[in-house]
Amino acid sequence: MAAPSVINIQRNHTQEPWGFRLSGGRDFRLQLQVKKVQPGTPAEGLLHAGDAILAIGGTNAQNLTHMQAHQLIRSAGNLLQLTVLKGHFGDLGSVKPKGPVKFSPWRHS
Amino acid sequence: MDAFEDDYMDQPDEWDREGLLDPAWEKQQKKTFTAWCNSHLRKAGTQIENIEEDFRNGLKLMLLLEVISGEQLPKPDRGKMRFHKIANVNKALDFIASKGVKLVSIGAEEIVDGNVKMTLGMIWTIILRFAIQDITVEELTAKEGLLLWCQRKTAPYKNVNVQNFHLSFKDGLAFCALIHRHRPDLLDYHKLKKENPLENLNLAFDVAEKYLDIPRMLDPEDMVNSAKPDERSVMAYVSSYYHAFSGAQQAETAANRICKVLKVNQENERLMEEYERLASDLLDWIRKTTPWLENRTTDNTLPGTQRKLDEFRDYRRKQKPPKLEEKARLENSFNTLQTRLRLSNRPAYLPTEGKMVSDIANAWKGLETAEKGFEEWLLSELQRLERLDHLAQKFRHRCEIHEEWAEGKEEMLQSKDFKSCSLNELKAIKKKHEAFESDLAAHQDRVEQIAAIAQELNALDYHDVAAVNARCQRICDQWDKLGTLTSKRRQALDEAERILEKIDTLHLDYAKRAAPFNNWLDGAKEDLMDMFIVHSTEEIQALGDAHEQFKNTLPEADKEFNAIIGLANEVTRLSQSIGITKVENPYTTVHPQDLAHKWSDVKQMVPMRDKVLQDEMIKQQNNERLRRQFAAKANVVGPWIENQLDAVASIGIQMKGSLEDQLNKLHQFDKAVLQYKPNMDELERYNQEVQESMIFENRYTHYTMETLRVGWEQLLTAIARNINEVENQILTRDSKGISEDQMNEFRLSFNHFDKNRSRRLEPKEFKACLVSLGYNIREDRQGDADFQRIMSIVDPNHSGYVTFDAFLDFMTRETADTDTAEQVMQSFKILAGDKPFITAQILRQELPPDQAEYCIQRMAPYTGRDSVPGALDYMSFSTALYGESDL
């Protein structure tokens, strides 16, 4: 698995959205992750859909609820530092079978 | 001319070629097209009066195109010269051409010259391109699309049959139906008659003008009077209806989508609340019940303990089964909820702290641990108390005999009789005392036995041990006192012996034989009244045998009795022969009549003992019958339950038939089990009889009531769980549209890897299954990570296994989400008229009251710069529905 990387995102004022959608959290039993990134926003090119969020600033994100993480990111001022695992929740396309699923392979062998 | 040929893409030069136009149609078209143009031009604050005149300079033509396309055209030439006009008309025609329309036969000069046919042809081209072309219903041509729209909308109206855009509209009912379908408040359709075309047309046109902002484009008289109304005019007018209603339709679709999504959320929330409530209730009950089961103390009495056993039986038969059912229902509704959440693309549900399925399972396990051994403990306690009760009775009986014996002995020992008697009498008194001493010695054993029984009662914690101890103490104290008094009297008598010598020997023999015989009689009486407790026919048989042996010794005793009485009679005869009226036997206190009395007692007690033993034999035989009765039934019910359990377990594994067949079969099992319940009740009755008869063992069956109860509950739970599983599979199958064949293929793959037939896959098995189906999960760290991600999808609760239902969902997961936050957001955006916020008023207007209030309560105020008072943030609301948020 890839090593975690530290991402710094800057914005011009605190009313400007960072430009990404957050999903998961301890209350959903799903690791915090980036669901999608809006083009033309501070997050574009830095974050990608499927990135797992390990830490927000100096706070370990493992045990945060969705709302706790949301509040932390919202109130981060104009510089947001995230520790992420790139593409951790990417689509499973690389794993999926090519072509239609072959059923019952043991029957043929 | 064939009016149905005018698909403008194929027939661009039709006007030119035809060269003529039915004058009636031309008149209609002029009216209609003029009105159509004005309905758009009014937005730019102008209008035309004469269609062939007013477009000649090209200026209003360009304005019209700008209004209907929403685009900017090049700046018009302002000059009044002919070439200026031609240039402007050409700019308009170029714009039309730039929209992909070929205008082969229409030239700018003819428009500038006011050619009616050309002008009408050009306007028709514009109408087709800008008002009709966009109407695409199921990829038909624009005209067919508009026709299909009319047919669908008027389908419920029996006297309307739209087949074309001329005769079908002539009686006006089609227009009225279109209006009524969308705005039933505007006209009373059912009062309309086919025979009043003029009235119908006027009504439709008036209403459309007044309420729908569609100007009158057709003339009712023209429609009625012409043999066949002009098709293009009708199309132009109908297209205005389409545009007037399609906006409302779009909002309706958006509202429907929101309703659908919200209903899913509301239903899920309801299920969550229900789960929480059920879980709380069940946990409360378990918390309340467990201490009762953990409390292993009784009041130490037989009735109190019996009452506790009754309470336990009630708990086991009446209280616990419905709670077990509740527990199963809880697990099933949890699974159903998770399936629903997964299917509707929502995050998994996490119950509040302490109410997880595993918490409930643990609490239940705690309950069963507390319950384990409770009944055995109670029964052994009953057995102990019963034995104790019996021992206490024995104690009291022995005490009574002893106390009876001891009665008056103290007074006797303290008697001063020997100081005022003759020598013979003294000798007698001495002998009497010696006899008493041997009697006293013989009673030593009995006193010791009484003390031993009292000690045992103490050791076994008899509830009324205080009284026992007091009585025992009294007897022991008295015994000691008797010992002291006896030796004192012995000394006194010895002292007097030297003086008194004469001995009466006549009574000696009697006394020697009467004492042991009397003692034997006391023993025999004790034995005959001896209490016993037995649990089998063998034991009672042994007691009977002992009694028979005793009876065999009776003839010998009878001889001894007669011999002793013979001695006494001899004394009487001798004393009478010498005239002494009253002769006391100085050597014994045992009177012949005492012996006779006791002997008669013993002879009477023998048949009584026979009866007691016989009754006990009958009771033991009855117990044996109860054992056999229970065993016979249990040996039928037990295997039946085991067979049913096997059969239910094999349904999911064999997968014969469709899911509905399986469900059907399971419901049949459910019914069969329900019908079988009376057999369990019958067994419960037998079991109660067995317990009430104090029967503790049964060698005729290896089933106990408890094992059968557990088996029965397992069966009920297994059926309910299987039904729930199959229902969830049906839910998944139907929502994904999986065929029965595919379903079987999935089932085969799953079962193949479910080696231990647990009906769920462990992670290792699931991984092997995926690999066999072609998934590329490598044997390295990346492969492990991929697999962990898959596990977090199929097992969001970290239960450690994969159910078939989750497997099925994963295998049929579509790449494009069918139900996403984006779609809900888009729908709100339509309702909001493209604004980034929505108001309570719009929500109440577009959604049913229930859903509208749901939204208003949960939506946060909108805080954007373009906000207005009361603006609500539908975007964060939409993402929150899916457990997401924008930052």
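Residues numbered from 1 in each chain as written. Chains lettered and ligands numbered in written order. Predicted model: local features only at pLDDT ≥ 70, side-chain atom pairs only at ≥ 80, totals over all residues. Heavy atoms only, no water.

The secondary structure content of chain A amounts to one helix and six strands. Tracing chain A from N to C terminus, the helices and strands come up as β-β-β-β-β-α-β. Accessible surface computed for chain A: about 5800 Å², of which carbon and sulfur atoms make up 54%. (Helix = DSSP H or I, 4+ residues; strand = E, 2+ residues; numbered from the N terminus. Areas by Shrake-Rupley, 256 points an atom, 1.4 Å probe, with all protein chains shown as cover.)

The subject of this paragraph is the sheet that holds strand β5 (residues 871-873) of chain B. Residue and element names in this part refer to chain B. Judged by pairing direction, the sheet is antiparallel, and its three strands sit side by side in the order β3-β5-β4 without closing on themselves. The sheet is open, and its two borders are formed by β3 (838-839) and β4 (860-861), each paired with just one other strand. In terms of strand pairing, β4 meets β5 through two bridges, oriented antiparallel. Its bridge partner being in β5, A860 is matched across the sheet by D873. (Pairing = 2+ DSSP bridges.)

Among the six residues in strand β2 (residues 20-25) of chain A, six count as buried, and that is most of the element. Where β2(A) lies against strand β3 (residues 30-37) of chain A, five bridges are found, and the strand directions are antiparallel. In the strand pairing of β3(A), A:R21 is matched with A:K36. Between β2(A) and β3(A), which follow one another and run antiparallel, lie four residues, and A:R29 among them has a positive phi close to 55 degrees. With three bridges connecting them, β2(A) and strand β6 (residues 884-886) of chain B associate as antiparallel partners. Residue pairing across strands places A:S23 opposite B:E884, the latter belonging to β6(B). (Buried < 20%, exposed > 50% of the residue type's maximum accessible area, 1.4 Å probe, protein only.)

A few words now on the environment of B:D281. Mapping B:D281 onto the fold places it in helix α12 (residues 231-294). Remark: the alpha-carbon pair of B:D281 and B:E326, spanning 45 residues in sequence, is separated by 9.6 Å.

All names here are of chain A. With respect to burial, strand β4 (residues 52-56) is a largely interior element, four of its five residues being buried. Here β4 runs beside strand β6 (residues 79-85); their pairing, made up of four bridges, is antiparallel. Pairing of I56 across the sheet is with L82, part of β6. In this structure, β4 lies alongside strand β5 (residues 59-60), joined through two bridges in antiparallel fashion. Paired with I56 across the two strands is T59, which belongs to β5. Taken together, β4 and the strand that follows it, β5, pair antiparallel across an intervening segment of two residues, in which G57 is found at a positive phi of about 60 degrees.

Right, let's talk about helix α5 (residues 82-98) of chain B for a bit. Residue and element names in this part refer to chain B. Relative to the 24 Å expected for 17 residues at 1.5 Å per residue, α5 spans 24 Å between its end C-alpha atoms, a close match to the ideal helical length. For α5, the set of buried residues is H84, I86, N88, V89, K91, A92, L93, F95 and I96. Against the buried residues of α5 lie α4 (59-69), α6 (108-112) and α7 (116-132). Note on α5: the residue one or two positions beyond its end, G100, has a positive phi of about 85 degrees. (Expected span 1.5 Å × (residues − 1). Contact = heavy atoms within 4.5 Å.)

So, on to the confidence of the model for chain B. All names here are of chain B. When the pLDDT values of chain B are averaged, the result is 85; 93% of them are 70 or greater. Note on residues 1-19: pLDDT under 50 across the span, and 36 contacts to partners over four residues away in sequence or across chains. Of the regions scoring below 50 in pLDDT, residues 499-503 engages in 14 contacts with residues more than four places distant in sequence or in other chains. (pLDDT = per-residue confidence, 0-100.)

According to UniProt, the "coiled-coil region" (unreviewed entry) feature falls on residues 261-288 of chain B. From the first C-alpha to the last, residues 261-288 of chain B spans 41 Å; its make-up is 100% helix and 0% strand. (UniProt positions renumbered as here; feature names shortened; annotations may be inferred.)

This brings us to the pattern of salt bridges. Residue and element names in this part refer to chain B. Scanning the entire structure with this criterion turns up 63 salt bridges over all chains. Measuring nitrogen to oxygen at the nearest pair gives 3.2 Å for the salt bridge that ties D213 to R42. Of this pair, D213 sits in the loop between α10 (197-211) and α11 (220-225) while R42 is found in the loop between α2 (23-41) and α3 (51-54), placing the two residues 171 residues apart along the sequence. Sharing partners across several salt bridges, the network here consists of R316, R317, K320, E368, E371, E684, E706, R709 and E713. (Salt bridge = Lys/Arg side-chain N within 4 Å of Asp/Glu carboxyl O.)

Now for a negative patch on the surface. Residues and elements named next belong to chain B. A grouping of E400, E404, E407 and E411 is seen on the molecular surface, where their side chains present a negatively charged patch. In this structure, E411 sits in helix α16 (residues 409-413). Judged by its relative accessible area of 53%, E411 is exposed. (Patch = residues over 30% accessible without salt bridge, like charges linked within 9 Å, V, L, I, M, F, W, Y side chains within 5 Å. Lys, Arg positive; Asp, Glu negative; His and termini not counted. Charge placed at Lys NZ, Arg CZ, Asp CG, Glu CD.)

Now for the packing of helix α8 (residues 142-154) of chain B against helix α9 (residues 173-182) of chain B. All names here are of chain B. Contact geometry for α8 and α9: axes closest at 9 Å, N-to-C directions at 70 degrees. It follows that α8 is roughly perpendicular to α9 by the angle criterion. Handedness of the crossing formed by α8 with α9: left-handed. Residue-level inspection shows W149, C150, R152, K153 and T154 of α8 in contact with α9, the latter providing A174, A177, L178, R181 and H182. (Axes fitted to C-alpha atoms, helices over the stretch in contact; angles between N-to-C directions. Parallel < 35°, antiparallel > 145°, perpendicular 65-115°, else oblique. Left-handed = near helix turned anticlockwise from the far one by under 90°.)

Residue and element names in this part refer to chain B. In terms of nonpolar packing, the biggest core is built from 77 residues, with I123, I126, F169, F175 and Y241 touching the most fellow members. Considering each element in turn, this core owes the most residues, twelve residues, to α7. The residues contacting I126, other than those within four sequence positions of it, are W36, L61, L65, I68, I96 and A131. In terms of nonpolar packing, the next biggest core, distinct from the first, is built from 52 residues, I651, L663, I723 and I738 among them. (Core = buried A, V, L, I, M, F, W, Y, C linked by side-chain atoms within 4.5 Å.)

As enumerated under the stated definition, the model contains zero disulfides over all chains in all. With no disulfide of its own, B:C259 lies closest to B:C855 among cysteine sulfurs, the gap being 8.2 Å. (Disulfide = S-S within 2.5 Å.)

Along the polypeptide, B:K308 turns up in helix α13 (residues 302-343). For B:K308, which is buried and forms no salt bridge, the nearest opposite charge comes from B:E311, at a distance of 6.2 Å.

A few words on the packing of aromatic side chains. Residues and elements named next belong to chain B. All chains considered together, the criterion is met by 42 aromatic pairs over all chains. Their ring planes at 40 degrees and their centres at 6.1 Å tell us that F517 and F561 sit as a pair that is tilted. Pair noted here: F517 is in helix α19 (residues 508-528) and F561 is in helix α21 (residues 554-577), with a separation of 44 residues, a long-range link. Residue class for F517 comes out buried when judged on its relative accessible area of 5%. Positioned above the aromatic ring of F787 is the side chain of K767, whose terminal nitrogen or guanidinium carbon lies 5.7 Å from the ring centre. The ring centre of Y854 lies 3.7 Å from the NZ or CZ of R858, which sits over that ring. (Phe/Tyr/Trp six-rings, centres within 6.5 Å; stacked < 30°, edge-to-face > 60°. Lys NZ or Arg CZ within 6 Å of the ring centre and 35° of its normal.)

What follows concerns the environment of B:L761. Residues and elements named next belong to chain B. Summarising the element assignment, L761 is placed in strand β1 (residues 760-761). Relative accessible area serves as the criterion here: at 0%, L761 is assigned to the buried category. Measuring from C-alpha to C-alpha, the distance between L761 and G800 comes to 8.9 Å, with 39 residues separating the pair along the chain. Excluding anything up to four places from it in sequence, L761 contacts F750, F753, D754, F766, C769, Y801 and V802.

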